[in-house]
Structure formats: C-alpha cells, structure tokens
Amino acid sequence: MGSLDATSTSLAEDLQDLQLDRPAKGLKSVEELEKLTVDEHLSDIERSVYLLSSGQEVQRISVIHNLPDLLRDTESHDECMRRVVPKVREVLHLAQTEMQVAASSAFLQILQKNLVPVQNYSQTFLQTILNSVDSKDPDVASAWLDTLLDVIDLLPKEVIKKEILGSAIAKGQLAQSVQSRLACCRILGKISTKFEPFVIKKEILPVVQSLCQDVDYEVRGCMCRQLDCVARGMGLEATKSAILPELVELTNDEECHVRIAGLETVVNILSLLDAETCGTTIIPLVCKICQQAVQAEDATLPVVATQLGKLCHGISDNLTDEQRQWFIDFYKKLCHVGLEKNKASSRVTTPLIDKDRGSKESDLTDIFELEDKLVECRKNSAYNFPAMVLFCGAKQFKPELHLTFTHLCKDPHFLVRKTISSGFHEVCKLLGNNANLIQSDLVALLKDESIEVLRGVISTIPAILDCYMSSGSNHTVSESKSGPLSDIIPAFLASENAIFTSHNWRLQEELMRNLSCLSRCYSSESLYNKVIPILRQKLVKARALPVKVAAAHSLLKLTRKVKKREQREEIYHGLIHDFCHARKCYLRNVFIDICRIVIELYSKKFFKETFYEYLLELHTDSVPNIRLSLCSILPDLKRLLILPTDRGLLQQLDACVRKLLVSEKDRDVSDGIQSAVEELDKIHIPMQSMTRRNFFEQDLDDQKKEEEEKLLLDNEEKELKKEEEAAEKKKGDKRNLVSAKKGSENGSSSRIPGPRKGSRAGLSGSNSTTKNDNKPVAPLTKGAGTSNNKLVKSKSINCISQIPRRDSKEVSKTKIVPPGKAPGNKVQVNSNICKPSSGDSNINKKRVSSPKLSRLPLYNSNPNLHHGRPASPSLIPIKASTTSTTNKPSKTTRGSGIPAPGSAGTRRASVPTISTSRRGSLGGQLGTGSYYSLLLLLAWLARQLTFSALFPSFAVVFSFCISAGTHTAKFIKNLVFSDFSYEKLSIYQIMQ
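What you see is a predicted model; the values in this text were computed from it and never measured.

Q: Explanation requested: the overall build of the protein in the structure shown.
A: Regarding its fold elements, the protein presents 47 helices and two strands. Contacts spanning at least 24 positions in sequence make up 70% of the contacts within the protein whose residues lie at least 6 apart. Carbon and sulfur atoms make up 52% of the accessible area of the protein, which totals about 54,900 Å².

Q: So what exactly am I meant to see when it comes to the nonpolar core here?
A: Where a protein is soluble and globular, its nonpolar side chains tend to be buried together. Counting 223 residues, the largest nonpolar core has Phe-107, Phe-125, Phe-385, Tyr-468, Leu-518 and Leu-615 as its most contacted members. In contact with Leu-615, other than residues within four places in its own chain, are Phe-591, Ile-592, Cys-595, Phe-607, Leu-630, Ile-633 and Leu-637.

Q: Got a minute to help me understand the UniProt feature "repeat: HEAT" (unreviewed entry) in the protein in this structure?
A: The UniProt feature table records "repeat: HEAT" (unreviewed entry) at residues 204-241 and 243-281. A distance of 15 Å separates the end C-alpha atoms of residues 204-241, which is 84% helix and 0% strand. With 77% helix and 0% strand, residues 243-281 has its two end C-alpha atoms placed 12 Å apart.

Q: Quick question: what am I supposed to make of the confidence of the model for the protein here?
A: Close inspection of predicted coordinates is inappropriate in any region flagged by low pLDDT. A residue-level look at the protein finds 66% of positions with pLDDT of 70 or above and a mean pLDDT of 75. This model gives residues 748-752 a pLDDT under 50, and the stretch forms ten contacts once residues within four places in sequence are excluded. Counting interchain partners and residues more than four positions distant, the pLDDT-below-50 stretch residues 757-926 has 255 contacts.

Q: Honestly, helix H25 (residues 402-409) in this entry has me stumped. Any pointers?
A: Along an α-helix, a turn takes 3.6 residues, which lines up residues three or four apart on a common side. Buried residues dominate H25, accounting for six of its eight residues. All buried positions along H25 are accounted for by His-402, Thr-404, Phe-405, Thr-406, Leu-408 and Cys-409.

Q: What exactly am I supposed to notice about the environment of Lys-604 here?
A: Along the polypeptide, Lys-604 turns up in helix H37 (residues 604-610). Residues Lys-604 and Leu-637, spaced 33 residues apart in sequence, show a C-alpha to C-alpha distance of 9.4 Å.

Q: How should the side chain of Gln-439 be read in this particular structure?
A: Mapped onto the elements, Gln-439 comes out in helix H28 (residues 439-446). Engagement of the side chain of Gln-439 in a polar contact is seen with the side chain of Asp-487, the distance being 3.0 Å.

Q: Mind showing me how you'd approach the environment of Val-207 here?
A: Note that Val-207 resides in helix H13 (residues 197-212). The buried category is assigned to Val-207, whose relative accessible area is 10%. A C-alpha to C-alpha distance of 7.0 Å links Val-207 and Ile-169, two positions 38 residues apart in sequence. Other than its neighbours up to four places away in sequence, Val-207 contacts Ile-169, Cys-184 and Leu-188.

Q: Quick question: what am I supposed to make of helix H36 (residues 585-601) here?
A: For H36, spanning 17 residues, the distance from its first C-alpha to its last is 25 Å, which sits close to the expected 24 Å at 1.5 Å a residue. Residues of H36 that are buried include every one of Leu-587, Arg-588, Val-590, Phe-591, Ile-592, Ile-594, Cys-595, Ile-597, Val-598 and Leu-601, and no others.

Q: Mind showing me how you'd approach the packing of helix H29 (residues 451-458) against helix H32 (residues 505-514) here?
A: Any two packed helices are characterised by how steeply their axes cross, that is the angle between the axes, and by the distance between the axes. Packing of H29 against H32 brings their axes to within 10 Å, and their N-to-C directions diverge by 35°. Along this stretch, H29 crosses H32, giving a crossing that reads as left-handed. Together, Ile-451, Arg-455 and Ile-458 of H29 and Leu-507, Glu-510, Leu-511 and Asn-514 of H32 make up the contact between the two elements. Looking at the contact of H29 with H32, its residues break down into four nonpolar, one polar and two charged.

Q: Would you explain the pattern of salt bridges in this entry?
A: Close approach of charged atoms lets side chains of opposite charge pair. As enumerated under the stated definition, the model contains 31 salt bridges in all. Between Asp-298 and Arg-259 there is a salt bridge, with its nearest N and O atoms 2.9 Å apart. Here the residue Asp-298 occupies a position in the loop between helix H18 (275-296) and helix H19 (300-315), and Arg-259 occupies one in helix H17 (residues 256-269), the gap between them amounting to 39 residues. The pair formed by Asp-298 and Arg-259 is uniform in burial state, with each residue classed as buried. Here the salt bridges do not stand alone but share partners, grouping Lys-418, Glu-452 and Arg-455 into one network.

Q: In this structure, what is going on with the packing of helix H11 (residues 157-171) against helix H12 (residues 178-191)? I would like to understand it.
A: Following both chains from N to C, one finds H11 and H12 inclined at 140°, their axes separated by 8 Å at the closest point. With respect to the hand of their crossing, H11 and H12 are arranged in left-handed fashion. In this structure, H11 contributes Ile-160, Ile-164, Leu-165, Ala-168 and Lys-171 to the contact, and H12 contributes Ser-180, Arg-181, Cys-184, Ile-187, Leu-188 and Ile-191. Within the contact of H11 with H12, the residues separate by chemical class into eight nonpolar, one polar and two charged.

Q: What exactly am I supposed to notice about the packing of aromatic side chains here?
A: Each pair of aromatic rings is reported with the distance of its centres and the angle of its planes. For the structure on display, the rule yields 17 aromatic pairs. Ring centres of Phe-607 and Phe-611 lie 6.2 Å apart, and the angle between their planes is 20°; this geometry places the pair in the stacked category. Residue classification places Phe-607 among the buried residues on the basis of a relative accessible area of 0%. Taking the relative accessible area as the measure of exposure, Phe-611 reaches 0% and is therefore buried. If you follow Arg-560 out to its NZ or CZ, it ends over the ring of Tyr-602, 5.0 Å from the centre.

Q: Is there a simple way to explain unusual backbone geometry in this structure?
A: Residues Leu-643 and Pro-644 are joined by a peptide bond in cis, for which omega reads 0°. Examined against the element boundaries, Pro-644 turns out to sit in the loop between helix H39 (624-638) and helix H40 (647-663). Even without being a glycine, Asn-114 presents a positive backbone phi close to 55°. The exposure class assigned to Asn-114 is exposed, which follows from its relative accessible area of 65%. Positive phi values are uncommon outside glycine, yet Glu-297 reaches one of about 50°. In this structure, Glu-297 sits in the loop between H18 and H19.

Q: Quick question: what am I supposed to make of the state of the cysteines here?
A: Here is the idea: a disulfide is a covalent bond, and it sits between the sulfur atoms of two cysteines. Under the criterion given, the structure shown has zero disulfides. The thiol of Cys-312 is not disulfide-bonded; the next cysteine sulfur, from Cys-290, is found 7.8 Å away. On the basis of relative accessibility, which here comes to 0%, the residue Cys-312 falls in the buried class.

Q: Mind showing me how you'd approach the environment of Arg-639 here?
A: In this structure, Arg-639 sits in the loop between H39 and H40. With 45 residues separating them along the chain, Arg-639 and His-684 place their C-alpha atoms 7.9 Å apart. Beyond its immediate stretch of four places on either side in the chain, Arg-639 contacts Lys-604, Glu-679 and Ile-683. At 2.8 Å, the side chain of Arg-639 forms a polar contact with the side chain of Asp-636. Among the polar contacts listed, one links the side chain of Arg-639 to the side chain of Glu-679, at a separation of 3.0 Å.

Procedures and definitions
Sequence positions are assigned chain by chain, starting from 1 and proceeding in written order. This being a predicted model, a pLDDT of at least 70 is required before a residue's local features are given, and a value of 80 or more before pairs of side-chain atoms are given or counted; all residues contribute to the totals for chains, interfaces and linings. Calculated side-chain values reflect all of the structure's heavy atoms, with hydrogen atoms and water omitted. Only DSSP runs of H or I with at least four residues qualify as helices, and only runs of E with at least two residues qualify as strands; both kinds are numbered from the N terminus onward. Throughout, a contact is declared for two residues whenever any of their heavy atoms are within 4.5 Å. Accessible surface is estimated by sampling points in the Shrake-Rupley manner with a 1.4 Å probe; for residues, cover comes only from the protein chains shown. We define the nonpolar core as a collection of buried residues of types Ala, Val, Leu, Ile, Met, Phe, Trp, Tyr and Cys that are connected through side-chain atoms lying within 4.5 Å of one another. Any residue under 20% of the maximum accessible area for its type is buried, any over 50% is exposed, and the rest in between are partly exposed; the area is computed with a 1.4 Å probe on protein chains only. UniProt positions are given in the numbering used here, feature names are shortened, and annotations may be inferred rather than shown by experiment. Confidence of the predictor at the level of single residues is captured by pLDDT, which takes values from 0 to 100. Any pair of N or O atoms that falls within 3.5 Å is considered a polar contact. Within protein, one atom must be able to donate a hydrogen and the other to accept it, and sequence-neighbouring residues count only if both atoms are side-chain atoms. Under the convention used throughout, the expected extent of a helix is 1.5 Å for every residue step, that is, one less than its residue count. Geometry is summarised by axes, namely lines fitted to C-alpha atoms with helices restricted to the contacting stretch, and by angles between N-to-C directions that run from 0 to 180 degrees. Handedness of a crossing follows from how the near helix is turned relative to the far one, being left-handed for an anticlockwise turn of less than a right angle and right-handed for a clockwise one. Gly falls in the polar group here, along with every residue not listed as nonpolar (Ala, Val, Leu, Ile, Met, Phe, Trp, Tyr, Cys, Pro) or charged (Asp, Glu, Lys, Arg). Any carboxyl oxygen of Asp or Glu that lies within 4 Å of a side-chain nitrogen of Lys or Arg is treated as forming a salt bridge with it. Pairing of aromatic rings covers Phe, Tyr and the six-membered ring of Trp, with a centre-to-centre limit of 6.5 Å; geometry is then stacked below 30 degrees between planes, edge-to-face above 60, and tilted otherwise. Whether a charge sits over a ring depends on NZ of Lys or CZ of Arg being within 6 Å of the ring centre and within 35 degrees of the ring normal. Disulfide: a pair of cysteine sulfur atoms within 2.5 Å of each other.

Dropping the structure here:
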C-alpha cells in the first residue's frame, strides 16, 4: 500500500508540473526589476549605450537588432557611428552565440540597405567580420563566414582585393587549421569571379592547386566544389591546362566524399568546355565513374543516378550512337538495381542468420544500409526519367524506356513510385501524341494504396489531362468510350475513396480543387451524373473547412458547364436548401463561403437574382458566428449594386444593417457590423448611365461572365427548338405516309389536289370522315350562271365549303376584274349549305381523305384581289330550314357591281340576328372596323392552329359580318380558306 501511495503522489506531482497556465514559481525580484528598468527620458542613442554597457544579455541583443534602424535616422546617424558602433564591436569579443548571430545579420542589413558608405563599412564592420570568421565556436564561425560571402557580392573588387584577398590566401596555408583552410576554399571560390584571369592565375591558382592536394579529404572535397567558379574566372584555355588535370585526379580519389564532389564539378563545368575536350576527356571520365559506382555499390551510386540526367543532356551533342546507347542501357541498370538481389537475399540470408546469432545485428545493419542506398538510387533514377526521355527521344520511347517506366511505376518501394508519379506530367508533355502508351501506368498509379503516391498524381492531374486532350484525343469521354480518358477518369474519381480514408486534409483539398479540370474532358451529362454528386457529398460530409470550400469552388465552376437549365437550377436550389436553410450552424456558415465563390465566378446579375436575398436572411440567425461572418460579406454585396435598377436590393441591405446596429447584443458581432458600416460608407454605388462610361473597364470581366451565361441559355433554347422541329418533321412525314397509303388502297385519286408539302392545314379534322359515304347534292338555285356545275361537299365534318365543278369538262378561268369596277357579265352563284338527308342518294361519292383547300381551281363571282391566283367562290351560309325567306328591297354594295342580298336573281339568306342590347355581345361593343381587325386575328390563328379550336368564336363574328354584305363574307372566306398572303393587302382592299 505504501508503494501505491508513493506512486500516486509522484503522478499527482507530475500532473501539476504539466499545468502550463499556472503562474511561474520564480517571479522577478525587486532588485532584478530595477536592473531592467531604464529612464524614459533618455534618447535612443543614450539608451543604447547604457544597455550595451550595463544591460543584460537580452537587452544587448535588442540593441544590436535595432542598430540598422538607428543608422537609418539621419539625425542620429553620426552619433550612432561615433558612440554605439564602437561599443557593439567591443561587446562582441566576449559575446555569446546568440548575440554573435544577431550581429552578423545586422551587419549584412547595414550594407544591403546602403546605410553606411562603403569606405566606412570596410574600416569598421568588415574588419569585425574578418576577425570573427576565425572564431573557435563552429556555429559562430559559420554564421560570420556566410555573412562574409554575402558581403563579397556587394563590395567593389578594389575593396575585396585590398581587404579580403590577402586574408583569404593567408588562411589557406598548410600551417592553418582545417577550419581556416575550409573557409579559404569557400572565399577563393567566391572572389574568383570578381578578378581578371591574370590576377587569378597569379594570386589564386597556386593556392587552389595546393588545396586540391591537401592532406585532409574534407579540404580536397571543398576545394573541388569550388573549381567550377575558378574555371569560369580563368577561361577555357587555362581551365584545360590547369583545372582539368586536378579534376581528373580528384574523381579518382580514394575517398568517396571527394569522388562525389568531383562528379558534381564535372557536371557543372560541361557548359564551359568545347566539343573536343568533352569527347577526349569528359566522356571517358564519366563512363569510368559510372562503372566504378555500379561495381562498388557505395555512396557514389545514388549521386551518379542523380547527376545522370544533367550529364547526358550536357554531352548529348558530342556522343556517337554507340555511346548514346551505352548511357541508355546504364540508366536501365540503375532503375533495376537492387530488385533481383532483394529476391535472392530473402531466400538465402534468412537461414544463415538463424545459424549465427552473434553476427545477426551487424549483418542486418549492413543489409539495411545497402538497401537504403539502392532504394535511393532507384528513386533518383525515377527523378531523372523526364531528362532521359528527352535524351532518348519520343520516337524511341516505346522500344527503349517504356518497360523501364512500367517497372518504376510498380516498384515495391513507395518512395520510387512517389517520385515517378510526381514527374508523370513531364513525361506526358515530352511524349506528345504518344502519351497513350503510358495510360495503363497512370491508371495503376491512381489505384495505388499509398497516399504519398496519390499525392504526386493528384497534384499534377490537370496537366496530365491536358496532355491527353491535346494528343489527338480531343474529345470527351461520352463521345469516345474507347479513348484513353475512358479509363483514366474513372480511376481518378475512384482515388477519392482512398484519399478520404486518410487524415491528410491538404490532399483532400487538392483533390476537390482539381476535380474542376474535368470540365474540359467530360460531357455535360457525365459531369452532372458522376462528378457533381461527389462534390455535393463532400461539401456536406467533409470535416475540414478548406476541403468544403474547395469542393464548393469546383462545384460552382462545373455547374457553369452544365447545359440544361433545369439541372443548374436544381443544383442552386440544393445549395440554398442544404446550407442556407440547414439546421446545423456550420453548414449555414459554409453558405456564406459559397456566396463568396459565386461572386467570384458568376456575374453580378446572376448573384442578385439567385443568392442575394437568401444571404441577407442570415442576419436574423440565432448563432452569433453566422451573423459575424455575414458582416464581413456585406461590403461585397454593396459593390454588386447599380442604381436605379437595384434600388430595392439596396433598401434590403440598408434594413439588414440597421437591424444589426439596433438590435445586436453580441459584442463581437457589434464590432463586426461597426467595421462593416465604416467600409460600406466608403463604397460608391454607380449609376446605370455612368456605368457604361466610367466603370466599363472594371466591369469588363463581369460583362464577359454575363455573356457566357446568356450564351448558355441561348444554346439551350436552340437545341430545344431543333428537337421540336425534328419531332414535327418526323410527325408530318408519318402523317403523309399514312394518307398516301389510304389513297392507294381506294384505287382512285381525288380530283382535288393534295396538300402542298410544308403548308399548314387550313381546316382541322382533315383525317375524319363522315359515316355516310353517299350524300345528296343540293341543286343550284334558279338564275345561277353555272348550271352545269355540281357541288361536292368535303368529307371533313368541320369543312363547310362547297366546291363547284364541271362534269368531265375543263374548268374555265374567271376573268379578274380590278376592285371598284363592275364586271361585264355578272356570274352569280348562290351557295347553300345542304343539310345531309337520311334518304338514299343516287350519287356515289368516292372515299378520299379531306385535303387542304389551297390552290384549287375554283370559279368565283367576284373579282380576285390577288393577281395570278385563282378566285374562290363566295361562301354565304343559309339557314337550313324549309321556311320561305322574305324578300326585301335590293341594295347594292358600295364600290362593286355585285347585288346586295335580296336582289333579283338571288335568294335572301336567313342571317341570324345579333342583339346589340344584350350584355356581353359583340355587336354592342365593337364597330365594323374593329370586327375587321378581330377577323384578321382569328383568320391568322385559324391558319396557324386548327379550325375546330376556333370555330365557336369565329362563327359568331363571321355571322355578324354577313350582315355587312356578301363581299365582306367572301373576303373573310378567302382569307381563311385560300392560300394567299393577306399581309400584303392594303387597308383599302380590306375595306372593299
């Protein structure tokens, strides 16, 4: 029990120590506070001197950090150089590491900002830098050496030669320490580009050659890396005679570190050498280095794999075909190195380790180290694959490198697959039209289980899809199911499951954002059915807010590409319902982010019509965070408005702001609305007339968005119109085919011409026929001029026209008389509507389908108003009654020689009277001229629609117009049942 109590007590003490918010035990004493207190009346210079003299370490570091600001002030510049800078140099002799690093940074800033003249700087600050480079503390010495190298770039060569060159040569002597000789190597490499070649040969080259032969391998390696700069300062000829021999010797050094430095220097110096030097010296040297690295399998092998791409690119112009093939084969070996040995070692080493337990740990360590080197070699080879494709050529990719690329994509180590996936887009660009060769490899990488591998592909998938779209497969997935994109895009969408099972929200965000690139290679229906549902789901269920915002951005971007208006509206209404009216407050907060994206991607007009009012509704939200987020977007809403069109929206915005100002109780929201009001007051709402002149450039982007939205609607209307026309055409062809079959079955054709192709039927019910096939024909009235004609009634029930014809004789033409003149020989035809009798008939009519009454050769008793077209008979309905009609005095119609109803030779028709006193009747409200206009409208509708649909209204008005005279009735009949252009008639002709 005692031990248990002790354990619990120690645990309680440990938990108390973890309380980070508790006050510190050791507070500053009064004496310590007095030491940190400085008189407020002191000036900046006096305070700095006082702190450097008697202040603590923190206060001195603060003064050194503030030194560039003191020198920037012109009033205190001279006094600072006279009093503060000497004190700083004095303090640095015994200063700690932190103060030394702060001083090195401050001294560099003084020269970069030109706060001190160069001469003054070289006499004060530069001397301190040179002395501090030899510090015994390696961290301090490294910091001051980096400062010196940066200062050399800013100083003139006279100062460098006078102040730095001598000190650097002195540090390179063999008597100096290794640290001094290493510093000398870096300084000589930096100043070699500042001097002329003869100065370098005389002053610097002997020291360089001595350091290349130094006894310490670190010095030899450091000097080897600086040979590139020395060679560029000396020129080609001096390099060939003095530098190349040293470089060849260093690449054959016994130390691996030196050989690696030599290989890197060879790669960097290639651009300086001529073709002859490359062919005779560099290429054999490189081949030797590569063979030694593969044989030794030491640390040089990963470096060779890293530098091989640059190496091949630099010497490609100087290689023969045989040498080029050697480098390609060597690269293939690097891509497969270690794979076969791993299989063999897994079979052989396992029983050996069990036998010798003592050497187990050492053997495993060696195996793991070697395996790491080989994996790094394959990883570096995968990094250089685009360079090798460029070296080999796209045409030779399939026979030379395709299999190697497939092996790298399926490498057992994820680091290799990650590297090759990150450079996949570069390989696609280099292959061009041959990019479909690596389609299966891309699908395999998209289905990889490693998140790191997926990261490499997902981050570059837009560039990869662009390559496939431009490489001869410029079509969408739905248009070509056998194309390369038909396999890539489903795998891309399937990678979403693996990515969202991890906790890497940055990769999830990148995936959601890159889904918007599918608009270039997916059809509208595919986007709506496959991609948009994924985005809507992640917009609701994703945990990280950046993922939601990225999903919303891609969703709204893809919705602009959806062609059907109903689908777009469904998406917009879904956003409003699922987020603006959501029960969860974080979803309503996402709606505000969605509105920001809509303002960015869509036009101002669209936002104001779709989301504006719903967004303002959130000012009454019960959650303060929602109202606070709304305050931040209010200025953006005001920038969308244009007066006087958006006066109502401006009033809604003002009402929302006033309500938040008056009734808001939350402190944060009150502060937010106050800052929003200050910004709103600065925003000027433009007038509509001014917008076209002064704000045209600012609204150019918005106008472009609005035109795109309008074009989308226009294209949708055109497609719907084309579909309707195609459906009508198909329906008309079917109808004509059926009527043609019926006519052929009857065995004889009608005397009435068939309907003209493409014309609309003037009468409805053309396909309907009467039940009785044989109908009696009413005889003509006495006195008619056409006694040999027979009246044949159409089989259409709705058709009431009577067509006079001659029996087995050619129809004669009617003489056309201009309006206003009486014809010489009046031919009067009194057309009667014959009531079908139930008795037997002696005339057998042939069953024919009711044709259109257009372009029929008919007789007419009145002159034709349209030249070149046959006249039509008058149509005056007679009351179907056996009662006799009453004769009235004859009246002549004004302007014509046609007798009025009731005159000699004609029988008065029984016209139904229309009471003008009855409420709602046509006669009591309109005059004759108004009836003409109404009849024209009804006539046009009758020609466009079916006659049966307008017959009730048309019959009433038509009957009333009969009372105005037979000429008006004839004209209306011609207008409805004949095929002429009544738009060309003048008002005078209509009234006649």
